Amino acid sequence: MKYWDYYLEPTKYTDDCYHIGSKSAPCWLIKSTDGLILLDTGLPQTAYQIMLNLKLLGCDYRDIKHIIHSHGHIDHIGGTSALVQLTGAKTYIGRGDADTVKGLNQLQWTNEFGMPFEEAFEPDVLIQNGDEIVIGDKKFTFYETPGHTQGTLTIFFNVTEKGKKLIAGMFGGAGLNTMSKSYLDKYNLPYSLREDFLNSIDRIYNMIPDVHLGNHPENSNHFQKLAKANGENNPFIDGSTWQSFLDTQKANAIELFRKE
Ligand SMILES: [Zn+2]
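Here the structure is a predicted model, which means the values were calculated and not measured.

Draft legend 1. Inspection of the coordination of the zinc ion at higher detail. Every protein donor of the zinc ion is accounted for by His71 (NE2), His73 (ND1) and His148 (NE2), and the metal-donor separations fall at 2.1 Å. Counting the intervening residues between successive donors of the zinc ion yields the motif H-x1-H-x74-H. Side by side, His71 and His73 carry an identical accessibility label, which is buried.

Draft legend 2. Spatial organisation of the side chain of Thr80. You can see Thr80 is positioned in helix H3 (residues 80-87). Looking at Thr80, its side chain comes within polar contact range of the side chain of His69, at 2.7 Å.

Draft legend 3. Here's a closer look at the sheet that holds strand E12 (residues 211-212). Pairing is mixed in the open sheet, where five strands are placed in the order E8-E9-E10-E11-E12. Of all strands in the sheet, those bounded by a partner on one side alone are strand E8 (132-135) and E12. The pairing of strand E10 (residues 153-161) with strand E11 (residues 164-171) spans eight bridges and is classified as antiparallel. The partner of Phe157 across the bridge, within E11, is Ala168. In this fold helix H9 (residues 240-259) packs onto E10, E11 and E12, with an angle of close to 10° to the strand it touches most, E11.

Draft legend 4. Just the packing of aromatic side chains, in detail. Following the criterion strictly, the structure yields 10 aromatic pairs and no others. Aromatic side chains Phe140 and Phe142 sit 6.2 Å apart centroid to centroid with 15° between the ring planes, which places their arrangement in the stacked category. As far as the burial class goes, Phe140 and Phe142 line up, both buried. Grouping aromatic residues by their ring pairs yields a cluster made of Tyr13, Trp28 and Phe236. Sitting above the plane of the Tyr61 ring, Arg62 keeps its charged end 5.8 Å from the centroid.

Rules of the game
Residues numbered from 1 in each chain as written. Predicted model: local features only at pLDDT ≥ 70, side-chain atom pairs only at ≥ 80, totals over all residues. Heavy atoms only, no water. Donors = N, O, S within 2.8 Å, 3.2 Å for Na, K, Ca; no water. Buried < 20%, exposed > 50% of the residue type's maximum accessible area, 1.4 Å probe, protein only. Helix = DSSP H or I, 4+ residues; strand = E, 2+ residues; numbered from the N terminus. Polar contact = N/O pair within 3.5 Å; in protein donor to acceptor, adjacent residues only side chain to side chain. Pairing = 2+ DSSP bridges. Contact = heavy atoms within 4.5 Å. Axes fitted to C-alpha atoms, helices over the stretch in contact; angles between N-to-C directions. Phe/Tyr/Trp six-rings, centres within 6.5 Å; stacked < 30°, edge-to-face > 60°. Lys NZ or Arg CZ within 6 Å of the ring centre and 35° of its normal.

Laid out in structure tokens, this is it:
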């Protein structure tokens, strides 16, 4: 698969929140009264798709003022350094992943992708558990939910659909790839991250958002929901996939930890 095959057209989730990322990794566009906010920036190789999708939505990339990250893996931070050079946007990351995005360790998952890491950046804001950050008319609430990485964040913020106020939410790090014993051993990471992952799920399990933003499109059944869009109802106003996704994550994690 070539990187251009990852392309997805922009998808409106709410009047102020769009998926403009690729099939492989997300990028969420959030329109605020203090400019455009991006949540994750995908792989470096697909950053041009973000620019294309912004243009298709009639947005000016120069209005990107803030870039928030769910965690420090290359498929979530890959476009950031280029976008910061272009726009001067302020960047946010969970404090546990700060060294990762600065390039001070090798936890960006680039080794596993067989890529060099050339997209280091200096984050402007390090986020801690319970932080609330107001950007224009948007208020973000962050929870540290380590496991997938040490700095993984779960993120909630207010959105609007046809004048109705709703909460969008993303569980910021799924995927058990970083919790195998071989991976933890290779990078000298504590096995306690596995327990952290289960505790993280428990902590945010009942914080069901109205709009579930996948940390990868399939995590929130993006494509199944998209197929239901018919112009009348908005299939993305659906938090039911939040707990079912977390249930699957937890079951798979317990199975992995039992085997190893
Ligand atoms: Zn990841």
